[in-house]
Each structure stands twice: as structure tokens, then as C-alpha cells.
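Next come the chains, spelled out residue by residue.
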Amino acid sequence: MSKAVRQTRERLQSGHSRNFDRELMMMHIDTLRQSAAVVPIFVIVVAVLGVYLTRDAGILFWTIPILTAHAINMLIGRRAKKQEMSAESARKWRQLLLLGQLLVGFCWALFAMQNCATCGGDSFAFYKGTTLLAAICITAMSSFMLPRAVPFSFAPATVALTVAAILTRRPSDIALTAAISVAVIFFSFITNRMYQSNLKILSFQSEKDDLIAELEVAKSMSDEARRRAEEANLAKSRFLASMSHELRTPLNAILGFSEVMSAEVMGPLNNPTYREYTSDIHRSGQHLLNLINEILDLSRIEAGKYELNEEAISLLDIAEDCIGMVQLRARAKNISISSQFEAQLPSVWVDEKSMRQVILNLLSNAVKFTPQGGEISVKVGWTAGGGEYVAIKDNGPGIPEEEIPIVLSAFGQGSIAIKSAEQGTGLGLPIVQAILAKHDGQFMLKSKLREGTEVIAILPPKRVLQSLPAVEDAPLAERRKKSFA
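All of the points below concern the structure found in this document. What you see is a predicted model; the values in this text were computed from it and never measured.

## Some details on the pattern of salt bridges
Turning to step 1, where the next piece is worked out: Counting across every chain of the model gives 13 salt bridges.
Turning to step 2, where the next piece is worked out: For R283, the salt bridge goes to D280, with nearest N and O atoms at 2.2 Å. Placement of the pair is R283 and D280 together in helix α9 (residues 272-302), with a separation of 3 residues, close to one helical turn.
Turning to step 3, where the next piece is worked out: Accessibility expressed as a relative area gives 52% for R283, which makes it exposed.
Turning to step 4, where the next piece is worked out: Its salt-bridge partner being D321, residue R356 comes within 3.3 Å of it at the nearest N-O pair. With R356 in helix α11 (residues 352-369) and D321 in helix α10 (residues 315-332), this pair connects stretches of sequence that are 35 residues apart.
Turning to step 5, where the next piece is worked out: By sharing partners, the salt bridges in this structure join K219, D223, R226 and E230 into a single network.

Given below as C-alpha cells:
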């Protein structure tokens, strides 16, 4: 497939250098066969008018060679239609058809040499001129796909008229020669323009077909890549699901036994270094368990397996609970948390566990990166569009603007987080974004270096449960009495 795409692209970039000889020749043969009956009818009409004008049946003998030449052209076209047409054979058939047109041209030269001794005035010259002009038009319309068809068909007649004009020097013959010469040149130019236009149309059609072919190949490649990605994602989900059970089972034992040992439930640890080791083991196990939980949450959201158990809850209550959960860590760093809640906010229709995880992740990040003695403010209120939001702002070191996309990506950490002593997985903010997206909400992060960070979780208006006011009892309308004139 890659080879097909490369070949198609090279063909498009090189420009369509082929001359479309085969296509143009097939179109000319089809046009020639469709107009096969036009020339015999025209020749018969011309012969009848000639007999009527000259009162001489001798002109009828001219119809035999021209109809024979026309039949030869038809036979050549039919034979070319039956055979396999290639680019090389198209040139051969074009030469044969041009020779056939030249044969027709000699027949028209015989017509141009006809004279009428009994005709008075310039009536016979007008008859010949009109006939030749009509023949040029018919040939131009039926053979514009064959280059140089008009010159080959009427060059002999033009030469015959020129010789007759030189010999007779009559004004009518000179005018007829000039008119036919100009007509041959004009219709040759017109047929050449029509030929070039059809050549461009064929070129555009070929480019369109090549583009469609390339798009189909690219689509098949993208479908194959998508299928492989889906299979890889499914394999990843299965792996994480199986590994979560295999990892959590020994982690529970590590956490439980390390906590028992650090608390000295079964007896004192005489060596203080061992007591420190047990605390480190418990903290490392807890960190590993949090990492596994966050990875599983993110993988379930990406796989579309994260289902929401929606119910009516209050953002104010959840925000207060989350502030209480991080208050102990904040006091340990002498960080003050202030709250600014809008009174009488209605409930929202969301998943309580998910929204609690969102606010807790944002608050934990604020406490983690705010220095000693810092400040954190939490706001809950209305948005301008009628939704509700939770905004958390700190006065920490902030994030450089160029690192914000990195921070919002999975496992992405900024330079401040990497240098910080606090451990992190880089999955908190991606999980927050994914959960808010499941609720049709938005997540905004505003931060500048050394100016702090503000994160805003927004829920849309359709998630807000507005209560309708009670309908007041209104008195019944009195019945109007009918009045008659």
C-alpha cells in the first residue's frame, strides 16, 4: 500500500505527461460512428440541388467517389474499434484516419472543379461556396478529436479553387477562394482549441481518478492503523485489568504488615533504623497503589468503560469535604485555605465520586506545590452562562506558559514538579480533564511563572437542577354573557 501511494504521488507531482492518444482516438471513433449517416444525407442533398440548378445529371457521378471515401473511413473506424487500442497503435490508426480524410479532400476538390456553362451570373459559385462551407462545418464538428482533420479534408479543394481563380481571374472565383481559405483556417483553429480543451478535461479526470485512488489507499491504511490501535488499546486494557489484581494483592500485604510493624503492634522494634525502614516501605507502597489506581482510572476513561453514577449533589458540600481532607496536610506546611462560596447554589446532576476526585486532585496539587506559609483560595459559584464552577488559586511558583501543554498531558510534569521533593505521577490533571469531559464540562488552567496557578472546573448549565417556583392560584375567569342585537 505504501508503494502504491508513493507511485501515485510521484505521478501526480510529475504532471500528466501522457498525451491520452488512446482515449482521444476512441472518442473520435465513437463520434465518427454516431455521425455516420450525416455525410451521405448531406451529399445526396447537395447532388439533388446541383442537378436542379445545372439541369445536368453529371454531378451525380461526383457522389460515387465521396460516398466511397466516406465508407472507407467508416470501415477504418469500425476495425479500430474492434481491435485492442494502445498508445502505440493509436498513432497508427490516427495516420490511417488522416489518410482517409485526405481521400475525402480529393473528392471535395473534384466538387470544387465543377463548372456550369448554362448557369447565369454567380449562382453556381454561390452554390459551391455554400456547400463547401457546410461541409467544413460538418467535418469540424465530427472530427475535432482528430488533429489536422479539417486541413487534410479541404486543402485539396482550396488548392483547386486557387488554381481556378488564377486561371479565370473572375471576381467570384477569387472571392470564393478567399472565403474557403479563411473558413479552413478559422475552423482549424476552432477544432484545435476544442481538442486542447478535451485534452485538459481528460487530464483533470485522470488526476481526479489518481487522487481518488490515493485517498482509497490512504483510507485503507488508516483503517488498518486504527484497527491495530484499537487492538493495542484493548490489549492494554486487558493487561491493566489483570495486573491490577496481581499488584493489589501483594500491595495489601505490604501496606498492612508495614503499618503493623511501624505501629509496633506485635512488640517494639529495638533498632530505630528498622522503624524508619517500615515507614518508608508503607509510604512507597501507598504511592504505588495510588499510581495503579490513577492509571486504571485513566485507562477506563480512554477505553470508554468509565460509567457515571449520576445523582443530585451540591458542589458546596463536596468542596467543603475536600477542604477538610487536605486541611491536615496544609497545616503541616502552614498553608491557609480560604473559601468563597456563593450562597444558595442549586444542586447539580453529576457523579459524586468523580466530582469529589476532581476537586480533591486540584486541591492536592495546590497544597503540594504551594510553599511554606502560602495561601490557597477556593471559589464556588455561577458562571456567566448559567453553569457552576469550582476555582482553586494558589500563590505557588507557577508554571511557565510553554510547559502548560506538557502538564496537561498524561504523565507530563513541569520543571517545577520535577525539581520538587513531592512525588507525583503526572496523571492528576489528565484525569480531571477526562472526568469533566464526560460531564460535558470544561477545564481551564491559568498560570505564570512566580505568579501562582489558578485552575477552574466548569459544569455546563444543563447539569444545574433549577427548581421551578410554585404556581400561584389564580381566580377563575367569569363567564361572559352573550348579547344579541
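## Examining helix α3 (residues 38-54)
Turning to step 1, where the next piece is worked out: Taking 1.5 Å per residue, 17 residues should reach 24 Å; α3 reaches 24 Å between its end C-alpha atoms and fits that length.
Turning to step 2, where the next piece is worked out: Listing the buried residues of α3 in full gives F42, V43, V46, A47, G50 and T54. Angularly, the buried residues of α3 cover 135° about the axis, an arc narrow enough to put them on a single face. Residues of α3 that are exposed and angled more than 90 degrees away from the buried face: I41, I44, V48 and Y52.
Turning to step 3, where the next piece is worked out: Where α3 is buried, its residues contact α4 (60-82), α5 (87-112) and α6 (123-142).

The rules behind each value
- Residues numbered from 1 in each chain as written.
- Predicted model: local features only at pLDDT ≥ 70, side-chain atom pairs only at ≥ 80, totals over all residues.
- Heavy atoms only, no water.
- Salt bridge = Lys/Arg side-chain N within 4 Å of Asp/Glu carboxyl O.
- Helix = DSSP H or I, 4+ residues; strand = E, 2+ residues; numbered from the N terminus.
- Buried < 20%, exposed > 50% of the residue type's maximum accessible area, 1.4 Å probe, protein only.
- Expected span 1.5 Å × (residues − 1).
- Arc of directions from axis to C-beta.
- Contact = heavy atoms within 4.5 Å.

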